[in-house]
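Remarks on the overall topology
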Amino acid sequence: MFVLQKKWIMDTDKSGINFKMIERIISYYRAQKSELFPIKGVQLQQDIELSENHTFLTEWLNGIAPEMLVPYLEPIFIKQRIEKTIERLKREKISNGQLIIEKMSPDEYKSGKLSISYHFYNTDFGEVIIASTGKGVCYVGFTNEDQSVGLKELQRRFPGATYTNCQDHDHRFAIAAFTEPSKQSEKVRLHLKGTSFQLNLWMKLLQIPVGGLVSYTFLAGNKENARAIGKAVGDNPIAYLIPCHRVVRADGTFNQYYWGPELKAALIARELATVLAGDII
């Protein structure tokens, strides 16, 4: 993973990328083109900040300049990307063999004996909290730079569990999937709490390739079931690794995401940037 040197893009307290600034700059460029999602506090000075930070954002986008990428985030292109992804999924079966999923039994999370280890990590997409049970990773969530919020969300999902702030080997494998997925050799164990309906849906999400996008309607099979699918997508406990960010509306907009629409736009932008050169979809 590359290391950016510019102070604006580095969080000196945590030695991580200042992802909020990346979100703001992508939001700024997109605001010049469309209003796909609400922009929170975007007050950038184009002549100062953008000229200074352009090179670093281009590097974060794997060499694609942000002004060149923005058109690919417009509804017309997003809809084309949905069509191409669906065509590919119909032609071939795609799976993420690096993830091993075990369903958590009701006895495990209702017994009051569940022990969870958690820790905070910096990634190219901001700070995340990763938690595991000993059988695998049970939760990955973005903190939006507020660790207390991240911890509360974890505790909300597993009330009554015992929590220890420490690192473990399952965390290490999960964080590798964030930083260098192409070089990841170890499988990531997931220990997931959810209904059979939810787990089946999350397994479907793993079939969406990097740079690919599908609609809620496609996952549901019809418009009537799209709302239930949308809720199950939103309940996904493993951010990024189970790619719920690759699900968008059929009209090409994507202003719904548990951790905020700006983050979703940045995740989609980064993944599109990795495949634009070869257009593998």
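Let me sum up the structure you'll find in this document.

Parameters and conventions
Residues numbered from 1 in each chain as written. Predicted model: local features only at pLDDT ≥ 70, side-chain atom pairs only at ≥ 80, totals over all residues. Heavy atoms only, no water. 1 Å grid on protein atoms, 1.4 Å probe; cavity = no way out; pocket = protein on both sides within 12 Å on 5 of 7 lines; lining within 4 Å. Points joined across faces, edges and corners; volume = space filled by probe spheres on them. Helix = DSSP H or I, 4+ residues; strand = E, 2+ residues; numbered from the N terminus. Nonpolar A, V, L, I, M, F, W, Y, C, P; charged D, E, K, R; others polar. Phe/Tyr/Trp six-rings, centres within 6.5 Å; stacked < 30°, edge-to-face > 60°. Buried < 20%, exposed > 50% of the residue type's maximum accessible area, 1.4 Å probe, protein only. Lys NZ or Arg CZ within 6 Å of the ring centre and 35° of its normal. Axes fitted to C-alpha atoms, helices over the stretch in contact; angles between N-to-C directions. Parallel < 35°, antiparallel > 145°, perpendicular 65-115°, else oblique. Contact = heavy atoms within 4.5 Å. Polar contact = N/O pair within 3.5 Å; in protein donor to acceptor, adjacent residues only side chain to side chain. Arc of directions from axis to C-beta. Salt bridge = Lys/Arg side-chain N within 4 Å of Asp/Glu carboxyl O.

1. With respect to the layout of surface pockets
Looking at the second largest pocket, its volume works out to about 280 Å³. If you trace the second largest pocket, you find 14 residues lining it, with Arg157, Lys193, Gly194, Gln198 and Asp235 closest to the centre. Residue assignment for the lining of the second largest pocket shows that the elements contributing at least two residues are helix H6 (147–157) and helix H8 (196–205). Residues belonging to the lining of the second largest pocket are distributed by class as follows: 6 nonpolar, 4 polar and 4 charged.

2. Concerning the environment of Arg270
Note on placement: Arg270 falls in helix H11 (residues 261–275). When the C-alpha atoms of Arg270 and Val210 are compared, they prove to be 9.8 Å apart, with 60 residues separating the residues in sequence.

3. Some details on the packing of aromatic side chains
Tallied over the full model, the rule gives 7 aromatic pairs. Taken together, a centroid distance of 4.9 Å and an interplanar angle of 40° make the contact between Phe125 and Tyr240 tilted. Of this pair, Phe125 sits in the loop between strand E4 (115–123) and strand E5 (126–132) while Tyr240 sits in the loop between helix H10 (226–234) and strand E10 (247–248), placing them 115 residues apart in sequence. With respect to burial, Phe125 and Tyr240 carry one shared label: buried. Ring geometry for Phe142 versus Trp259: centroids 5.6 Å apart, planes at 75°, classification edge-to-face. Taken together, the positions of Phe142 in strand E6 (residues 137–142) and Trp259 in the loop between E10 and H11 put the pair 117 residues apart, joining distant regions of the chain. Phe142 sits in the buried class, given a relative accessible area of 5%. Residue class for Trp259 comes out buried when judged on its relative accessible area of 9%. One Lys or Arg, Lys193, reaches over the ring of Tyr109 and ends 4.7 Å from the middle of that ring. The ring of Phe158 carries Lys193 above its face, with NZ or CZ at 5.4 Å from the centroid.

4. What about the packing of H8 against H10?
Packing of H8 against H10 brings their axes to within 9 Å, and their N-to-C directions diverge by 80°. By the criterion of interaxial angle, the relationship of H8 to H10 is roughly perpendicular. Contact with H8, carried on its side by Phe197, Gln198, Leu201, Trp202 and Leu205, involves Ala228, Ile229, Ala232 and Val233 of H10 and no other residues of that element. Of the residues in the contact of H8 with H10, the class split is 8 nonpolar, 1 polar and no charged.

5. Brief notes about the side chain of Thr133
Mapped onto the elements of the fold, Thr133 is located in the loop between E5 and E6. There is a polar contact of 3.1 Å between the side chain of Thr133 and the backbone nitrogen of Lys135. Look past the residues within four positions of Thr133 in its chain and what remains in contact with it is Met104, Leu114, Ser115, Ile116, Cys138 and His191.

6. A look at the side chain of Asp170
Within the secondary structure, Asp170 is located in helix H7 (residues 169–179). Using a relative accessible area of 2% as the deciding quantity, one classes Asp170 as buried. Not counting chain neighbours up to four residues away, the residues in contact with Asp170 comprise Ser132, Gly134, Lys135, Gly136, Val137 and Arg189.

7. Topic: H10
Three- or four-residue spacings in an α-helix give side chains the same orientation, since the helix completes a turn every 3.6 residues. Looking only at H10, the buried set comprises Ala226, Ile229, Ala232 and Val233. Angular distribution of buried residues about the axis of H10 spans 120°; they occupy a single face of the element. Away from its buried face by more than 90 degrees, H10 exposes Arg227 and Lys231. Close packing links the buried residues of H10 with H8, helix H9 (216–220) and E10.

8. Some details on the pattern of salt bridges
Here the structure, examined in full by the defined rule, presents 9 salt bridges. Across the pair Arg88 and Glu92 runs a salt bridge, and its minimum N-O distance is 3.4 Å. Given a relative accessible area of 16%, Arg88 falls into the buried group. In this structure, the salt-bridge partner of Glu102 is Lys135, at a minimum N-O distance of 3.7 Å. Of this pair, Glu102 sits in strand E3 (residues 99–103) while Lys135 sits in the loop between E5 and E6; the two residues are 33 residues apart in sequence, bridging distant segments of the chain.

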